[in-house]
Amino acid sequence: CHFQFLRTLGQIQDEIMDWIHHLIRLVVRVNDKLDKQLNPYVSKALVYLRAHYEKPELTLQSIADSLNVNTAYLGQLFRTQTGKYFNDYLTDARLETACSLLTDSSFHIRKIAQMVGIPNQSYFNRVFKKKFMLTPMEYHQRYAEIREKN
């Protein structure tokens, strides 16, 4: 009886992870639709962010410089129109890509962290766990188990 509960709890965790993955994809789609209604600076910043998120040196300042706009102004517009601070948005974009790489590739976690623009694996592990309540390794193992079952 106790083992049945644990197996069921594991299945519930798997379903929750599937829902989280699904919700991330939905958020990305909604964000793409909202881009069409955004201030041109914010829209261009998002395009630039999505094209260059893997660069560790990417900052709001660097994007503002490339757009010839004040950093504080762009940051305020960005927050108002996306509902997130630039750094939070950038981290989320990096972690979304990391999730895909963790589920669909055989790269080591250190390499995945570097590929998404977070060269410090310890920091990557910390922000990943804060967002998903699992370490990157646990996330990878969870999806490996799900793939094996299917």
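Shown above is the structure to which this text applies.
On a predicted model such as this, the values are computed, not experimentally measured, just so you know.

A.B. asks: I tried to follow helix 3 (residues 60-67) on my own but got confused; where do I start?
C.D. replies: Two residues of an α-helix separated by three or four positions point the same way, owing to the 3.6 residues in each turn. Residues Leu60, Ile63, Ala64 and Leu67 constitute the buried set of helix 3. Looking down the long axis of helix 3, one finds its buried residues gathered within 100° of arc, a one-sided arrangement.

A.B. asks: Before we go on, may I ask you to explain the side chain of Asn39 in this structure?
C.D. replies: Tracing the backbone shows Asn39 in the loop between helix 1 (2-35) and helix 2 (40-52). At 2.7 Å, the side chain of Asn39 forms a polar contact with the backbone nitrogen of Tyr41. Not counting the four nearest positions on each side in its chain, Asn39 is found in contact with Tyr73, Leu77 and Gln81.

A.B. asks: Honestly, the packing of aromatic side chains in this entry has me stumped. Any pointers?
C.D. replies: Remark: the centre distance and the inter-plane angle together describe each pair of aromatic rings, the angle taken between the planes. All chains considered together, the criterion is met by eight aromatic pairs. Residues Tyr41 and Tyr73 carry aromatic rings whose centres are separated by 6.4 Å and whose planes lie at 85° to one another, so their mutual orientation is edge-to-face. Residue Tyr41 is located in helix 2, and its partner Tyr73 is located in helix 4 (residues 71-82); the two are separated by 32 residues in the primary sequence. Residue class for Tyr41 comes out partly exposed when judged on its relative accessible area of 32%. Judged by relative accessible area, Tyr73 falls into the partly exposed class, the value being 39%. Where Phe128 meets Tyr139, the ring centres are 5.4 Å apart and the plane angle is 80°; that geometry is what we call edge-to-face. With Phe128 in helix 7 (residues 121-132) and Tyr139 in helix 8 (residues 136-149), the pair connects residues that are 11 residues apart, well separated along the chain.

A.B. asks: Looking at this structure, how should I read the packing of helix 2 against helix 5 (residues 86-104)?
C.D. replies: Between two packed helices, the angle of one axis relative to the other and the distance separating the axes together describe the packing. Closest axis-to-axis distance for the helix 2/helix 5 pair is 10 Å, and the angle between their directions is 40°. Here helix 2 lies oblique to helix 5, going by the angle between them. You can see that helix 2 and helix 5 cross each other, and the crossing is right-handed. Listed contacts from helix 5 to Leu46, Leu49 and Arg50 of helix 2 are Phe86, Tyr89, Leu90 and Ala93.

A.B. asks: What is the right way to read the pattern of salt bridges from this model?
C.D. replies: Side-chain pairing between opposite charges can occur once the charged atoms of the two side chains come close. Scanning all chains against the criterion turns up two salt bridges. With a closest N to O distance of 2.3 Å, Lys84 and Asp92 form a salt bridge. Judged by its relative accessible area of 29%, Lys84 is partly exposed. Residue Asp92 is classed as buried on the basis of its relative accessible area, which comes to 13%. For Lys131, the salt bridge identified is with Asp92, shortest N-O distance 3.2 Å. Pair noted here: Lys131 is in helix 7 and Asp92 is in helix 5, with a separation of 39 residues, a long-range link.

A.B. asks: For this particular structure, what's the right way to read the environment of Lys84?
C.D. replies: In this fold, Lys84 is placed in the loop between helix 4 and helix 5. Discounting residues that sit within four places of it in the chain, Lys84 has contacts with Phe78, Arg79, Tyr89 and Asp92. Within the structure, the side chain of Lys84 is placed 2.3 Å from the side chain of Asp92, a separation counted as a polar contact.

A.B. asks: It is not clear to me how the packing of helix 5 against helix 7 should be interpreted in this structure. Could you clarify?
C.D. replies: Helix 7 packs onto helix 5 with a crossing angle of 90° between their chain directions and a minimal axis gap of 11 Å. Relative to helix 7, the element helix 5 lies roughly perpendicular. The segment helix 5 lies against helix 7, with Asp92, Leu95, Ala98, Cys99 and Leu102 engaging Phe124, Val127, Phe128, Lys131 and Phe132.

Conventions adopted
Residues numbered from 1 in each chain as written. Predicted model: local features only at pLDDT ≥ 70, side-chain atom pairs only at ≥ 80, totals over all residues. Heavy atoms only, no water. Buried < 20%, exposed > 50% of the residue type's maximum accessible area, 1.4 Å probe, protein only. Helix = DSSP H or I, 4+ residues; strand = E, 2+ residues; numbered from the N terminus. Arc of directions from axis to C-beta. Polar contact = N/O pair within 3.5 Å; in protein donor to acceptor, adjacent residues only side chain to side chain. Contact = heavy atoms within 4.5 Å. Phe/Tyr/Trp six-rings, centres within 6.5 Å; stacked < 30°, edge-to-face > 60°. Axes fitted to C-alpha atoms, helices over the stretch in contact; angles between N-to-C directions. Parallel < 35°, antiparallel > 145°, perpendicular 65-115°, else oblique. Left-handed = near helix turned anticlockwise from the far one by under 90°. Salt bridge = Lys/Arg side-chain N within 4 Å of Asp/Glu carboxyl O.

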